[in-house]
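# Examining the three-dimensional arrangement
So you can see what is in the structure, the chains are spelled out below.
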Amino acid sequence: MTSRTLAVVSAGLSQPSSTRLLADQLAAATRDELAGRGEAVDTRLVDLREHAHDVVNHLLTGFPSESLREVLDTVTGADGLIAVTPIFNASYNGLFKSFFDLVEADALTDRPVLIAATGGTARHSLALEHAVRPLFTYLHAVVLPTSVFAAPEDWASGTADGALRARIERAGAELAEQIHRRPLSTGPADPFALTTDFADLLGRREP
């Protein structure tokens, strides 16, 4: 049985958080689908509220703390990513955007990403398409067709209800399929690795 890594980023600010609840249920759906394909999953949750100060410090200084560096490596080195944000003022929240501003260019290239969000009203669901999807498209990720939005009325007794449950399962299946069909991740890219032969850099390659 092969083993995959799944990074799950939750930008919820409160505790308990409906954003975290949605992230957990999406992760479980993806994990179940991958298990059915004979693959084990190492789920790595990133709760951004725990790293908020480090995110701001990195933006100000240009240097990540050791713990934040580990988080960034977790996200960029995973086989797949689930990214969930609350919607504030018709867009992702500031913590979510600030964190992904720290992801190096091309670090998520061709990485499958499932996007999801929570909000106080279903009218905020369009933010997934006009704000969150373009963000990950800009980062060259492979954004899944199915996005998931949860409003307060979608939850019943703390669990996904009706149409939301169906959408979670559909999105989880899409992410699992994308992960399953791709080679195992080799981890985060080495920013110091040479992408050109050293002799070519020196202009001395022999014919």
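Okay, so let's go over this structure. Because the structure is a prediction, the values reported are computed rather than measured. Residue indices begin from 1 for each chain and proceed along its sequence in written order. In keeping with the predicted nature of the model, local features appear solely for residues at pLDDT of at least 70, side-chain atom pairs appear and are counted solely at 80 or more, and the whole-chain, interface and lining totals rest on all residues. For the side-chain quantities, the full set of heavy atoms in the structure was used; hydrogens and water were omitted.

### Description of the overall build of the protein chain
What counts as a helix is a DSSP run of H or I of at least four residues, what counts as a strand is a run of E of at least two, and both are numbered from the N terminus. Counting its secondary structure elements, the protein chain contains seven helices and nine strands. In what follows, residue pairs with any heavy atoms lying within 4.5 Å of each other are defined as contacts. The contacts of the protein chain with a sequence gap of at least 6 include a subset with a gap of at least 24, amounting to 81%. All accessible-area figures derive from a Shrake-Rupley calculation using a 1.4 Å probe, and residue coverage is judged against the displayed protein chains alone. When the accessible surface of the protein chain is summed, it comes to about 10700 Å², and 53% of that surface belongs to carbon and sulfur atoms.

### Describing the pattern of salt bridges
Take a side-chain nitrogen of Lys or Arg and a carboxyl oxygen of Asp or Glu: if they are within 4 Å of each other, that pair is a salt bridge. Under the definition given, this model contains 11 salt bridges. The residue Arg 37 makes a salt bridge to Glu 33 at a minimum N-O spacing of 3.1 Å. A salt bridge links Asp 73 to Arg 69, with the nearest nitrogen and oxygen atoms 3.4 Å apart. With Asp 73 and Arg 69 both in helix 3 (residues 66-77), this residue pair falls four residues apart, about one helical turn. You can call Asp 73 partly exposed: its relative accessible area is 28%. What you see here is one network of salt bridges that share partners, running through Arg 4, Glu 39 and Asp 79. Each residue is assigned to one of three classes by its accessible area relative to the maximum for its type, calculated with a 1.4 Å probe on protein chains only: buried under 20%, partly exposed between the two thresholds, exposed over 50%.

### Considerations on the pairing of strand 5 (residues 112-118)
With seven of seven residues buried, strand 5 lies mostly within the body of the structure. What you see with strand 5 is no split at all: Pro 112, Leu 114, Ala 116 and Thr 118 on one side and Val 113, Ile 115 and Ala 117 on the other are buried throughout. One bridge is not enough; two strands pair if DSSP finds at least two bridges between them. Bridge count for strand 3 (residues 80-88) against strand 5 is six bridges, and the pairing is parallel. In the sheet register, Leu 81 faces strand 5, and the bridge partner there is Val 113. Pairing of strand 5 with strand 6 (residues 142-143), which is carried by two bridges, proceeds in the parallel orientation. Opposite Val 113, over in strand 6, you have Val 143 as the bridge partner.

### Comments concerning the nonpolar core
Joining through side-chain atoms within 4.5 Å is the link that ties buried Ala, Val, Leu, Ile, Met, Phe, Trp, Tyr and Cys residues into a set, and such a set is a nonpolar core. Counting residues in hydrophobic clusters, the biggest one holds 37 residues, and the most contacted among them are Leu 81, Phe 96, Phe 99, Phe 100, Leu 108 and Phe 136. When contributions to this core are tallied by element, the ones reaching two or more residues are strand 1 (2-10), helix 3, strand 3, helix 4 (94-101), strand 5 and helix 5 (127-138). No other element matches helix 5, which puts six residues into this core. With sequence-adjacent residues up to four places away left out, Leu 108 is seen in contact with Val 75, Thr 76, Leu 81, Phe 100, Val 103, Phe 136, Leu 139, His 140 and Ala 141. One finds Val 8, Ala 27, Ala 29 and Ala 171 within the second-largest nonpolar core, a separate group that totals 23 residues.

### Quick word on the pairing of strand 3
With eight of nine residues buried, strand 3 lies mostly within the body of the structure. Note: strand 3 against strand 4 (residues 91-92), two bridges, orientation antiparallel. The partner of Ile 87 across the bridge, within strand 4, is Tyr 92. Hairpin connection, strand 3 to strand 4: the antiparallel pair is bridged by two residues, and Asn 89 has positive phi, about 50°.

### Let's talk about the packing of aromatic side chains
Each aromatic pair joins two rings of Phe, Tyr and Trp (for Trp, the six-membered one) with centres within 6.5 Å, and gets the label stacked for planes under 30 degrees apart, edge-to-face for over 60, and tilted for any other angle. Under the defined criterion, the tally for this structure stands at five aromatic pairs. An angle of 85° between the planes, with centres 5.1 Å apart, marks the rings of Phe 99 and Phe 100 as edge-to-face. For the pair Phe 99 and Phe 100, a shared accessibility class is recorded, and that class is buried.

### Regarding the environment of Val 148
Note on placement: Val 148 falls in strand 7 (residues 148-150). The exposure class of Val 148 is buried, given its relative accessible area of 0%. The spacing of Val 148 and Ala 117 is 31 residues in sequence and 6.4 Å in space, taken between C-alpha atoms.

### A short note on the packing of helix 2 (residues 52-61) against helix 3
When two helices pack together, their arrangement is given by the angle between the helix axes and the distance between those axes. Structural elements are reduced to axes, namely lines fitted to C-alpha atoms, with helices fitted over the stretch in contact, and the angle between N-to-C directions of any two is expressed from 0 to 180 degrees. Running from amino to carboxyl end, helix 2 crosses helix 3 at an angle of 95°, the nearest separation of the two axes being 10 Å. Accordingly, the angle class assigned to the pair helix 2 and helix 3 is roughly perpendicular. Facing helix 2, whose interface residues are Asp 54, Val 55 and His 58, helix 3 presents Ser 67, Leu 68 and Leu 72. Three classes are used, and their members are as follows: Ala, Val, Leu, Ile, Met, Phe, Trp, Tyr, Cys and Pro are nonpolar, Asp, Glu, Lys and Arg are charged, and the others, Gly among them, are polar. In the contact of helix 2 with helix 3, the residues fall into three nonpolar, two polar and one charged. Angles below 35 degrees are treated as roughly parallel, those above 145 as roughly antiparallel, those between 65 and 115 as roughly perpendicular, and all remaining angles as oblique.

These figures capture arrangement, not role.
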